[in-house]
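Letter by letter, the chains look like this.
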Amino acid sequence: MTVKVCSLSSGSSGNCQYIETENTKLIIDAGFSGKRIEQLLSEIEVDPRTLDGILVTHEHIDHSKGVGVLSRRYDIPVYANENTWKGMESIVKNVKTHNTKVFSTNRNIELKDVLIHPFNVSHDASEPVGYIIFNNKTKLSFVTDTGWINEGIKKKISNSHFYFMESNHDVRMLMEGSYPMMLKKRIMSLKGHLSNDDAADVLSEVLRGENEIVLLAHLSQDNNKPDLAYSTVRNGLLSQGFDVDNDIRLNMTNRDGISGIYSL
């Protein structure tokens, strides 16, 4: 069986990604109400009772809002590092002991037919992580909510078949927008968010041009536009010699709904 991936939604108002292998069904983050995530899963005909786990990147509410209710309602294990558990305690509230899975960042997690590698990212949260998921020879990398991708992360995510990559803001829109300067500086800091240009730079270093799937994610509602993010990253890859139309499958996520099911 192929690996299936679907972005149920991605943006500053909420995030939830779905991954399915032959024996495992996971979501990364649950940043909406339980009811909304149930609705999103139903659109791709997935019963939340069949989920094997919720992987949490960090405690911010647009990533953790529905974690607790989904775990309690459907008896789903929740995976997060100790600092994220502490940070999201007031949001997720009580999770049953047998569903409280505490991992160490940068150490692999084995779950049925997948190997999960959580790695450090740079964001203003307690101990934020990205995830690499392996199934047989398929490798998927999920990198959002980080202001910086260092050489170590690039090395870890390279040679992936699927990239879920933050492309949060357009620098000009952000600087000319209405946000207070303190917030603008926070977004542009090393512990903020990647810009469209940042995403293009990182992808140009890790892509091989071997038909990888790239989803641009976590777009700001106020400081970005889907067509702007797409064109910026596309043009950046073209400038580095990539044949974007034939060798890379560049697509967008949707902040308010699913963005299609991708099979690898």
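Everything below is about the structure shown above.
Quick look at the structure, then. (Residues numbered from 1 in each chain as written. Predicted model: local features only at pLDDT ≥ 70, side-chain atom pairs only at ≥ 80, totals over all residues. Heavy atoms only, no water.)

A word on the packing of helix H9 (residues 196–206) against helix H10 (residues 226–239)
And step 1. Here H9 crosses H10 at 35°, and the two axes come no closer than 8 Å. Like other packed secondary-structure pairs, H9 and H10 cross with a definite hand, here right-handed. Side by side, H9 and H10 meet where Asn196, Asp197, Ala199, Ala200, Leu203 and Ser204 of the first sit next to Leu228, Ala229, Thr232, Val233, Gly236 and Leu237 of the second. (Axes fitted to C-alpha atoms, helices over the stretch in contact; angles between N-to-C directions. Helix = DSSP H or I, 4+ residues; strand = E, 2+ residues; numbered from the N terminus. Left-handed = near helix turned anticlockwise from the far one by under 90°. Contact = heavy atoms within 4.5 Å.)

A short note on the sheet that holds strand E1 (residues 4–11)
And step 1. Spatial ordering of the open sheet is given by E6-E5-E4-E3-E2-E1-E14, a layout of 7 strands whose pairing is mixed. On the outer flanks of this sheet lie strand E6 (100–103) and strand E14 (261–263), each paired with one strand and no other. Put simply, the sheet's adjacent strands are angled 25° from each other on average, direction ignored.
And step 2. Pairing between E1 and E14: 3 bridges, direction antiparallel. Note on E14: the bridge partner recorded for Val5 is Tyr262.
And step 3. Helix H1 (residues 34–43) contacts E1, strand E2 (14–20) and strand E3 (25–28) of the sheet and is inclined by roughly 140° relative to E1. (Pairing = 2+ DSSP bridges.)

Comments concerning H9
The periodicity of an α-helix, 3.6 residues per turn, causes residues three or four positions apart to be oriented the same way.
And step 1. Residues of H9 that are buried: Asn196, Ala199, Ala200, Val202, Leu203, Ser204 and Val206.
And step 2. Elements in contact with the buried residues of H9: helix H6 (151–157), strand E11 (162–166), strand E12 (212–217) and H10. (Buried < 20%, exposed > 50% of the residue type's maximum accessible area, 1.4 Å probe, protein only.)

Things to note about the sheet that holds E12
And step 1. With mixed pairing, the 7 strands of this open sheet are ordered in space as E7-E8-E9-E10-E11-E12-E13. Where the open sheet ends on each side, the last strands, each with one partner, are strand E7 (109–111) and strand E13 (248–252). On average, each strand axis in the sheet is tilted by 20° relative to the strand beside it, whichever way the strands run.
And step 2. Bridging between E7 and strand E8 (residues 114–120) involves 3 bridges; their strand directions are antiparallel. Directly across from Leu111, in E8, lies its bridge partner Val114.

Quick word on the environment of Thr146
And step 1. By the element assignment, Thr146 lies in the loop between strand E10 (138–143) and H6.
And step 2. Note: C-alpha distance between Thr146 and Met175 (29 residues apart in sequence) is 19 Å.
And step 3. The residues touching Thr146, leaving out its near neighbours within four places in the chain, are Val121, Ser122, His123, Glu166, Gly192, His193 and Leu194.
And step 4. At a separation of 2.8 Å, a polar atom in the side chain of Thr146 contacts the main-chain carbonyl oxygen of Trp148. (Polar contact = N/O pair within 3.5 Å; in protein donor to acceptor, adjacent residues only side chain to side chain.)

Let's talk about the nonpolar core
And step 1. Among the nonpolar cores identified, the biggest contains 27 residues, and Ile157, Met165, Leu203, Leu207, Val214, Val233 and Leu237 are the most heavily contacted of them.
And step 2. Of all the elements in the fold, those that place two or more residues in this core are H6, E11, H9, E12, H10 and E13.
And step 3. The greatest single-element share of this core, amounting to 5 residues, is contributed by H9.
And step 4. If sequence neighbours within four positions are ignored, Leu237 has contacts with Ala200, Leu203, Ser204, Leu207, Phe242, Val244 and Ile248.
And step 5. Counting residues in each nonpolar core, the second largest holds 25 residues, with Cys6, Ala30, Leu40 and Val56 among its members. (Core = buried A, V, L, I, M, F, W, Y, C linked by side-chain atoms within 4.5 Å.)

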